[in-house]
Amino acid sequence: MKGGGILNWFKKGSKTEEDSLLKVIEQFKKSGDFIDFQNPQSPTHYWISYFGSLVDAEIIHRDILPYLNKSSFKKIEDLKAALPIENIVVTSDLGQIQQMMLTGSVLIRLNIADKQGLLVRAEMNKAREVTIPEEEFSVVGPKESFVESLTTNLNLIRKRLPIPELEIKEFKIGNLSKTRVAVVYISGIANEENINTALQRVGDIQFHQILDSSYIAQMIQDNDNSPFPQLIDTERPDRAAGVLAEGSIVILVDGSPHALIGPTTLVKFFSALEDYFVNWQLASVLRILRLIAVTFSILVTPIYVAILNYHYELIPKDLMATLVSSRSLIPLPPFFEALILELTIELLREAGARLPTKVGQTIGIVGGIVIGTASVEAGLTSNVLLIIVALAALASFTTPVYKMSNTIRMIRFPFLVMAELWGLVGIAIAFIFLMGHLLRLTSFGRPYLEPIYPPRIEDLKDAFVRLPFKMQPKRPVELQSPETIKFSEKAAKQKKDIDE
C-alpha cells in the first residue's frame, strides 16, 4: 500500500470491494507480531487474526479456541452467540476493524473472502501496580498514587466518589497514538462553562502522538508563552477526588501517572494535600513558610547583587566587615559570581535528576560540597554568597508542585539581570512586569491571581492560611459552582454541641 499505508486505509473508512478486508490483513502481515492462521481440522473452518503483542493468549486459548474447535458454525452470528465473552462485535466496517485490532481485539472469519468479521476483545492488560506517591509524598494520609493505566486511575477516583453524578467523557487523541483521554467532573457541582471549555479544548486537539498528560496541559492552557503552569499536575487520586468535590475538572491520560486539575489559581500551587491532614494552625504556618521560602528563593540573590553594586548604605556596619573580607580576594563582580553559583546549582540538580537514584543523590551531596568548598578556596566566590545561593536552592524545594518549582528556578535569572543593571529599582521593575503578567493570566478563563485579584474574602479562608473546616461551608468562588454550599455550618455546629 502506498502513501501512508494503514493510516490511509483508516482515513478512507469502509470499502466496497470484495477483497478490501484481505488487503488490510495483508498489510498487517508485514508486522512480525501479527498472527493469521486457519484450522481446517476443526468442525468449523475458520481464520483467526490478531497482533500477538496486544492480545492476551490465555483469553484466546481459554475462551475462544475451545468453542471454535468443538462445534460447527455456518453463520458468524451463531458463533457470536456461542462465545462466553461480552462486547463481541460483528462488522464489515474496515475503519472499526482496524481500530479494534490495533487496540487488542481478535478477528475471526468463517470464510477467507468474507467482507465482515467477528471481533472479540482480548487485549493484554499489563500495568504497574498502585504504589506510594513519589513527588507528592506525605507522612500522613493515603499512600496511593496514579499509575499508567487509565482504567485503574478511574477506579481510584470512582471508589472515592461513588456517586452517579460523577461523569467521565472519553476522547481518543493523536493520529498515530489514539491515546485515551478522560475528562472527569461532577455534574451539578462543576460549572457548566468550565466543563464545556475543557471538553472543547480537549476535543479540538490535533496532534500525531500523545505520550503524557504534559502534552495535553501544553495544548489546552490559556497562555502558551507563560512560564507558569496553568493546570495543576498531581499524582494523587485523593487530591483529584478532593478538587472534583469542590467543582474542578480533572483530565486523565492513558499512559500517564499524573492527572491535570483546572481551573486553578497561583496560591493552590503552594498548598500541599498534607495541609488538610493536620490541624489548621500547623497547616497555616506551613503555607506561610512556603510562601516566604519561595519569595526568598527568587529575591535573595538579586538583592545581594543590587546592594553590593548600588546600595552599600543599606548594609549594617557590623555586616560590612564580613562582606568586605569575604570578597577581598574575589576577582569577579557580584553578578558573575552569583551567576556562576546559580548555574552550578542548576547543573547539579539536572545531573542528579538524570542519573540513577542512588548515584544522583551522591552527586548532589558530594558535588555540592566539593564544588562549593573548592570555589571558595580558589577565590572564585565568597563564602557569604555560597550560603545565600544554597539557602535559595533549598527554599525552592518547598514548593509542593514540581512544575511550579521549575518556574521559580527560572524566573530568578531575569531578576538577577535586572539587579545588575539598575539595582533595587531593577528588581522593582522586574516585579512589576511579573505582577502584570500574572494579572493577565487565566486558567480555563478564570483569574489566575484569585483571591488576591479580584479580591474574594470567602476564598481567603483556604489560600495563604487554612482556616478550620467548619469555617469553610462554601465552595471556592473562583470555580463558579452552581452548588455553592458544601454543608450547613449551623447544623454542623449544633451537632458538635450535642455531642459535647
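Up top you'll find the structure we're talking about.
Residues numbered from 1 in each chain as written. Predicted model: local features only at pLDDT ≥ 70, side-chain atom pairs only at ≥ 80, totals over all residues. Heavy atoms only, no water.

*Asks:* Whenever I open this one, the overall build of the chain confuses me. Can you help?
*Replies:* Check the secondary structure of the chain and you find 16 helices and 12 strands. A compact globule built from 500 residues would reach a C-alpha radius of gyration of about 23 Å, whereas the chain, at 30 Å, exceeds it by more than 25%. By the burial criterion, 43% of the 500 residues in the chain qualify as buried. The contacts in the chain between residues at least 6 apart in sequence include a share of 63% that link residues at least 24 apart. Carbon and sulfur atoms form 60% of the exposed surface of the chain, whose accessible area is close to 25600 Å². In the chain, which carries 52 positive and 55 negative side-chain charges, the distance between the mean positions of the two groups comes to 2 Å. (Helix = DSSP H or I, 4+ residues; strand = E, 2+ residues; numbered from the N terminus. Rg over C-alpha atoms; globule rule 2.2 N^0.38 Å. Buried < 20%, exposed > 50% of the residue type's maximum accessible area, 1.4 Å probe, protein only. Contact = heavy atoms within 4.5 Å. Areas by Shrake-Rupley, 256 points an atom, 1.4 Å probe, with all protein chains shown as cover. Lys, Arg positive; Asp, Glu negative; His and termini not counted. Charge placed at Lys NZ, Arg CZ, Asp CG, Glu CD.)

*Asks:* Help me out: how do you make sense of the packing of aromatic side chains in this one?
*Replies:* Aromatic ring pairs are described here by two measures, namely the spacing of the ring centres and the angle between the planes. Enumeration over the complete set of coordinates arrives at seven aromatic pairs. Seen from their ring centres, Phe 269 and Tyr 448 are 6.3 Å apart, and the 50° between their planes marks the pair as tilted. In this pair, Phe 269 is assigned in the loop between β10 (259-262) and α10 (280-310) and Tyr 448 in the loop between β12 (446-447) and α16 (489-499), connecting sequence segments 179 residues apart. Since its relative accessible area comes to 0%, Phe 269 is described here as buried. Aromatic pair Tyr 276 and Phe 469: ring centres 6.4 Å apart, planes at 15°, arrangement stacked. Of this pair, Tyr 276 sits in the loop between β10 and α10 while Phe 469 sits in the loop between β12 and α16, placing them 193 residues apart in sequence. (Phe/Tyr/Trp six-rings, centres within 6.5 Å; stacked < 30°, edge-to-face > 60°.)

*Asks:* What exactly am I supposed to notice about the pairing of strand β1 (residues 34-39) here?
*Replies:* In summary, the side chains of a regular strand alternate between the two faces of the sheet. Sheet topology note: the β1/strand β2 (residues 46-51) ladder contains six bridges and is antiparallel. Note that in β2 the partner of Asn 39 across the bridge is Tyr 46. The antiparallel hairpin formed by β1 and β2 contains six residues in its connecting segment. (Pairing = 2+ DSSP bridges.)

*Asks:* For this particular structure, what's the right way to read the nonpolar core?
*Replies:* Soluble, globular proteins show a tendency: their nonpolar side chains are buried together. In terms of nonpolar packing, the biggest core is built from 41 residues, with Ile 157, Phe 228, Val 250, Leu 252 and Met 404 touching the most fellow members. Those elements that provide at least two residues to this core are α6 (150-158), β7 (179-186), α9 (237-246), β9 (249-253), β10, α10 and α15 (402-440). When residues in this core are grouped by element, the largest group, 10 residues, is from α15. Dropping the residues within four chain positions of it, Val 250 is found in contact with Ile 157, Ala 182, Val 183, Val 184, Ala 240, Val 243, Leu 244, Ala 259, Leu 260 and Ile 261. (Core = buried A, V, L, I, M, F, W, Y, C linked by side-chain atoms within 4.5 Å.)

*Asks:* It is not clear to me how the packing of α10 against helix α14 (residues 383-396) should be interpreted in this structure. Could you clarify?
*Replies:* Packed helix pairs are specified by the crossing angle of their axes together with the interaxial distance, meaning the distance between the axes. Close contact between α10 and α14 brings their axes to 7 Å; oriented N to C, the two are set at 155°. In this view, α10 runs roughly antiparallel relative to α14, as classed from their interaxial angle. Where α10 crosses over α14, the handedness of that crossing is left-handed. The segment α10 lies against α14, with Ala 293, Phe 296, Ser 297, Val 300, Thr 301 and Tyr 304 engaging Val 384, Leu 385, Ile 388, Val 389, Leu 391, Ala 392, Ala 395 and Ser 396. Partitioned by chemical class, the residues of the contact of α10 with α14 number 11 nonpolar, three polar and no charged. (Axes fitted to C-alpha atoms, helices over the stretch in contact; angles between N-to-C directions. Parallel < 35°, antiparallel > 145°, perpendicular 65-115°, else oblique. Left-handed = near helix turned anticlockwise from the far one by under 90°. Nonpolar A, V, L, I, M, F, W, Y, C, P; charged D, E, K, R; others polar.)

*Asks:* Please explain the sheet that holds strand β3 (residues 89-91) as it appears in this structure.
*Replies:* In a beta sheet, neighbouring strands pair by backbone hydrogen bonds and run either parallel or antiparallel. Strand order in the open sheet formed by five strands is β1-β2-β4-β5-β3, with antiparallel pairing between adjacent strands. Looking at the sheet topology across the chains shown, the edges are occupied by β1 and β3. Adjacent strand axes in the sheet meet at a mean angle of 20° when their direction is disregarded. As defined by bridge partners, β2 adjoins strand β4 (residues 105-109) across three bridges and the pair is classed as antiparallel. Paired with Trp 47 across the bridge in β4 is Arg 109. In this fold helix α3 (residues 57-70) packs onto β1, β2, β4 and β5 (117-121), with an angle of close to 165° to the strand it touches most, β2.

*Asks:* Could you clarify how one ought to interpret the packing of helix α12 (residues 334-354) against α14 in this entry?
*Replies:* For the pair α12 and α14, interaxial distance at closest approach is 10 Å and the crossing angle is 40°. Classified by the angle between their axes, α12 and α14 sit oblique to one another. Crossing handedness for the pair α12 and α14: right-handed. Touching Glu 337, Ala 338, Leu 341, Glu 342, Ile 345 and Arg 349 of α12 are Leu 385, Leu 386, Val 389, Ala 393 and Ser 396, all from α14. Partitioned by chemical class, the residues of the contact of α12 with α14 number seven nonpolar, one polar and three charged.

*Asks:* Could you clarify how one ought to interpret α9 in this entry?
*Replies:* Since there are 3.6 residues in each turn of an α-helix, residues three or four apart along the chain are aligned in direction. Of all the 10 residues making up α9, seven are buried; the element is thus mostly covered by neighbouring parts of the structure. Within α9, burial applies to Pro 237, Asp 238, Arg 239, Ala 240, Ala 241, Val 243 and Leu 244. Tucked inside the fold, the buried residues of α9 contact α6, β6 (166-173), β7, β8 (232-234), β9 and β10. Note on α9: the residue one or two positions beyond its end, Gly 247, has a positive phi of about 120°.

*Asks:* Would you mind going over helix α2 (residues 20-28) with me for this structure?
*Replies:* Looking at α2, one finds that the buried residues are Ser 20, Leu 21, Val 24, Ile 25, Gln 27 and Phe 28. In an axial view of α2, the angular spread of the buried residues amounts to 160°, which keeps them on one side of the axis. (Arc of directions from axis to C-beta.)

*Asks:* Help me out: how do you make sense of the side chain of His 258 in this one?
*Replies:* Note on placement: His 258 falls in the loop between β9 and β10. Of the polar contacts made by the side chain of His 258, one reaches the side chain of Asp 233; its length is 2.6 Å. Sequence-distant contacts of His 258, that is, excluding residues within four places in its chain, are made with Glu 135, Ser 213, Asp 233, Thr 234 and Glu 235. (Polar contact = N/O pair within 3.5 Å; in protein donor to acceptor, adjacent residues only side chain to side chain.)

*Asks:* Explain the pattern of salt bridges to me, please; I cannot follow it from the model alone.
*Replies:* Pairing between side chains of opposite charge can happen when their charged atoms approach one another. Under the defined criterion, the tally for this structure stands at 27 salt bridges. Between Asp 222 and Arg 201 there is a salt bridge, and its shortest N-O distance comes to 2.7 Å. One end of the pair, Asp 222, is in the loop between α8 (213-220) and β8; the other, Arg 201, is in helix α7 (residues 192-203), and 21 residues separate them in sequence. We classify Asp 222 as partly exposed; its relative accessible area is 28%. The partner of Glu 346 in a salt bridge is Arg 349, with the nearest N and O atoms 3.3 Å apart. With a gap of three residues between them, Glu 346 and Arg 349 both fall in helix α12, about one helical turn apart. Of the two residues, Glu 346 and Arg 349, both sit in the buried class. A single network of salt bridges, built from pairs that share partners, joins Glu 342, Glu 346, Arg 349, Arg 409 and Arg 412. (Salt bridge = Lys/Arg side-chain N within 4 Å of Asp/Glu carboxyl O.)

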